[in-house]
Amino acid sequence: MNPLLGDFRNLFLDKVLDLLWRQWTALGVSGHAAGDTPWVIDPEALLLATCTFGRFEPRLFDEALDCLRANGWVMNTQRLGTLLRDESWTGAPVLAAVAGFLSTGTEVLKWRRLSQHLPRLAQPEGLFHFKDGRPLPLVGEPDPHFAGYGLRRDALRVRGYSQPFRPLERGNLLVQLRALCGVNVRAEIIAYLLTHPTGHPAEIARAAYYHKRSVQNALAEMNHSAVVDIQAIGREKHYRLRAPVWGALLQRPGQAPQWVSWPPFWSALEQIWLKLHEPQVQALDPLMLSSVVRQLMLQVRPAIERAGMGQALSDDRNYLGGSYLPVFFADVMKLLA
């Protein structure tokens, strides 16, 4: 393997896992150092990313399951299906097993319905892997639940240490609103408007992964509340919130968290990781590797731009041949900074 690629791949995975840990900790995971999360956390995109990257960190994966046992009621399983359809993901079979595991108690119906509609693996495989891709060996008998979904892993023992999410954590704006307004389109609309000066129904629908008509109808009704105003911009109707009213209601008088469109961001990171993990890519010389990652970034750039992070990417046309390889490494690190 190209040593530069090996070192970068390990650093990339460490950065991604750290970001996942920070967001799950904000959502209630216990036993990991908490850090400020200045972005609005998207719980569905977070779960989908964990179904891919969590396979390289078993403790994170299991703590996420523990957290979902405590806080899974804030998850929108219908929106999970939308994200799977609209973005590129490979974790659907793992998500099926997770949803099946959560099909208990009062949440049984929504998780069971999701699990039944997701694809299963054609051939059994190990759930967890070392960083280099080798499967993690089993210790003892495989877990029967995950084995039923074609995923081999050690017996699952959920610790039960996760806590209810902290509603005033900066990144928990969306889940706080779901607790207040319900797991529905209105919570997404309010989160978007609290983090933007105004919003048009079509742009809110794209950012929140809801149908435009649902967003439009909800906004028209919310306008009658006297806290959601209409602002005409040309021929379009844009909506805005009276922020001080909401800041007092949510006990958030300070700066609002930053909106990030996480689904395309996590999906792009997954595509980068999977490409770097291909055996034939790992064997390439620097010149050929530079060509491959150049094409990779052309492929994922639209998703990164939709996530609002296109400014972190360099113009590859300014770097000929193998000179693009260190630029690629630097750009990806900027995305994860």
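Let me begin by describing the structure that accompanies this report.

Rules behind the numbers
Residues numbered from 1 in each chain as written. Predicted model: local features only at pLDDT ≥ 70, side-chain atom pairs only at ≥ 80, totals over all residues. Heavy atoms only, no water. Core = buried A, V, L, I, M, F, W, Y, C linked by side-chain atoms within 4.5 Å. Buried < 20%, exposed > 50% of the residue type's maximum accessible area, 1.4 Å probe, protein only. Helix = DSSP H or I, 4+ residues; strand = E, 2+ residues; numbered from the N terminus. Contact = heavy atoms within 4.5 Å. Arc of directions from axis to C-beta. Axes fitted to C-alpha atoms, helices over the stretch in contact; angles between N-to-C directions. Parallel < 35°, antiparallel > 145°, perpendicular 65-115°, else oblique. Left-handed = near helix turned anticlockwise from the far one by under 90°. Nonpolar A, V, L, I, M, F, W, Y, C, P; charged D, E, K, R; others polar.

1. Focus: the nonpolar core
Among soluble globular proteins, nonpolar side chains are generally buried collectively.
Line of reasoning, step 1. Counting residues in hydrophobic clusters, the biggest one holds 86 residues, and the most contacted among them are F12, L20, W24, L47, F53, W266 and F328.
Line of reasoning, step 2. By residue number, the principal contributor to this core is helix α1 (residues 3-26), which donates eleven residues.
Line of reasoning, step 3. Dropping the residues within four chain positions of it, L47 is found in contact with W24, L68, M75, L80, L95, V98 and W111.

2. Here we look at helix α11 (residues 212-222)
Line of reasoning, step 1. If you check which residues of α11 are buried, you get V215, A218, L219 and M222. Summarising the axial view, the buried residues of α11 lie within an arc of 100 degrees, below the 170-degree limit, and thus occupy one face.
Line of reasoning, step 2. Residues of α11 that are buried in the fold lie against α9 (185-194), α10 (201-208), β3 (228-233) and β4 (236-241).

3. Things to note about the side chain of S267
Line of reasoning, step 1. In this structure, S267 sits in helix α13 (residues 262-276).
Line of reasoning, step 2. Ignoring sequence-local partners within four residues, the contact set of S267 consists of E87, S88 and W89.

4. Focus: the packing of helix α3 (residues 58-71) against helix α5 (residues 92-101)
How two helices sit against one another is set out by the angle between their axes and by the gap between those axes.
Line of reasoning, step 1. Viewed as axis vectors pointing N to C, α3 and α5 meet at an angle of 40 degrees, and their least axial separation amounts to 11 Å. Taken together, α3 and α5 sit at an angle that is classed as oblique. Judged by the sense of rotation from one axis to the other, the crossing of α3 with α5 is right-handed. Contacts between α3 and α5 pair F61, L65, L68 and R69 from the former with V94, V98 and F101 from the latter.
Line of reasoning, step 2. Partitioning the contact of α3 with α5 into residue classes produces six nonpolar, no polar and one charged.

5. Looking at unusual backbone geometry
Line of reasoning, step 1. Of note, Y209 is a non-glycine position whose phi angle comes to about 65 degrees, a positive value.
Line of reasoning, step 2. Here the phi dihedral of Q251 falls at roughly 55 degrees; this positive angle occurs in a residue that is not glycine.
Line of reasoning, step 3. Locating Q251 in the fold gives a position in the loop between α12 (243-249) and α13.

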